[in-house]
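Below are the chains, spelled out letter by letter.
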Amino acid sequence: MGMILVRHDWSEAHHDMLLQNGAGRRLNGGRLPDGMEAVRRFHEMVAAYTDDPAEVTVARETDRGLFVGALVAAGYRVIAVNPPSTSRYRERHSTSREVRPGRRAGPRRARPNRRAEPPTGRR
């Protein structure tokens, strides 16, 4: 089938997975429980699309942990992705000029220097 990309979002209780093909089309996804059951179900999920773990790249926030160790031992490629860095990259390379929450429209303008007057001691 070719390259398979997996977005893996984890918490202490479960793992959220999204499988995509090389063109970015969603293939499968879901929430897996924590532990060895998650590893077994992940292998089943991927096996529906490829028999070769070398064709699968898993992106997640860290590159350590028991789940990651099991994936690497099985031959999957696991990369750590820093979410804030990804967000900044997307903003820099986006052609959209839409205003995102918390941002102002238009170019930034310098703010005038507003110094407080020194106290005179008089009222």
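None of the values given here were measured: they were computed from a predicted structure.

J.: Provide a residue-level description of the overall build of the protein chain, including the pertinent values.
T.: Secondary structure assignment for the protein chain yields three helices and five strands. What you see in the protein chain, going N to C, is helices and strands ordered as β-β-β-α-β-α-β-α. Relative to all contacts within the protein chain whose residues are 6 or more apart in sequence, the contacts with residues 24 or more apart total 30%.

J.: Please give an account of the sheet that holds strand S1 (residues 4-10) that cites residues and values.
T.: Strand order in the open sheet formed by five strands is S3-S2-S1-S4-S5, with mixed pairing between adjacent strands. The open sheet is flanked by strand S3 (26-33) and strand S5 (77-80), the only strands paired with a single partner. The mean inter-strand angle of the sheet, taken between neighbouring strand axes irrespective of direction, is 20 degrees. Bridge count for strand S4 (residues 56-60) against S5 is four bridges, and the pairing is parallel. For Val 58, the partnering residue across the bridge sits in S5 and is Val 78. Contacts from helix H1 (residues 36-47) reach S1, strand S2 (14-21), S3 and S4, with the element oriented near 170 degrees to S3.

J.: Could you give me a rundown of the packing of aromatic side chains, with the residues and numbers involved?
T.: Taken as a whole and judged by the stated rule, the model has two aromatic pairs. Each ring, one from Phe 42 and one from Phe 67, has its centre 6.1 Å from the other, and the planes form 70 degrees; the classification is edge-to-face. On the criterion of sequence distance, the pair formed by Phe 42 in helix H1 and Phe 67 in helix H2 (residues 66-74) is long-range, its members being 25 residues apart. Accessibility assignment for this pair places Phe 42 and Phe 67 in one class, buried. A ring pair is formed by Phe 42 and Tyr 76, whose centres lie 5.2 Å apart and whose planes are at 70 degrees; its orientation type is edge-to-face. Here Phe 42 is found in helix H1, whereas its partner Tyr 76 is found in the loop between H2 and S5, with 34 residues between them in sequence. The class of Phe 42 is buried, set by a relative accessible area of 0%. An aromatic cluster of at least three residues, connected via ring pairs, comprises Phe 42, Phe 67 and Tyr 76.

J.: Summarise the pairing of S4; cite the residues concerned and give the values.
T.: Counting buried positions along S4 gives four out of five residues, so the element sits mostly inside the fold. Pairing analysis gives four bridges linking S1 to S4, with the strands arranged parallel. In the sheet register, Val 6 faces S4, and the bridge partner there is Val 58. With H2 bridging S4 and the parallel S5, this β-α-β connection has right-handed handedness.

J.: Break down H2 for me, citing the residues and quoting the values.
T.: An α-helix turns once every 3.6 residues. As a result, residues three or four positions apart point the same way. Considered for burial, the residues of H2 that qualify are Phe 67, Val 68 and Leu 71. Buried positions in H2, seen along its axis, are confined to an arc of 95 degrees and lie on one side of it. Of the exposed residues in H2, those oriented more than 90 degrees away from the buried face are Leu 66 and Ala 73. Residues of H2 that are buried sit in contact with S1, S2, H1, S4 and S5. Count one or two residues on from H2 and you reach Gly 75, which has phi positive near 105 degrees.

The rules we used
- Residues numbered from 1 in each chain as written.
- Predicted model: local features only at pLDDT ≥ 70, side-chain atom pairs only at ≥ 80, totals over all residues.
- Heavy atoms only, no water.
- Helix = DSSP H or I, 4+ residues; strand = E, 2+ residues; numbered from the N terminus.
- Contact = heavy atoms within 4.5 Å.
- Pairing = 2+ DSSP bridges.
- Axes fitted to C-alpha atoms, helices over the stretch in contact; angles between N-to-C directions.
- Phe/Tyr/Trp six-rings, centres within 6.5 Å; stacked < 30°, edge-to-face > 60°.
- Buried < 20%, exposed > 50% of the residue type's maximum accessible area, 1.4 Å probe, protein only.
- Right-handed = clockwise from strand over helix to strand, strands pointing away.
- Arc of directions from axis to C-beta.

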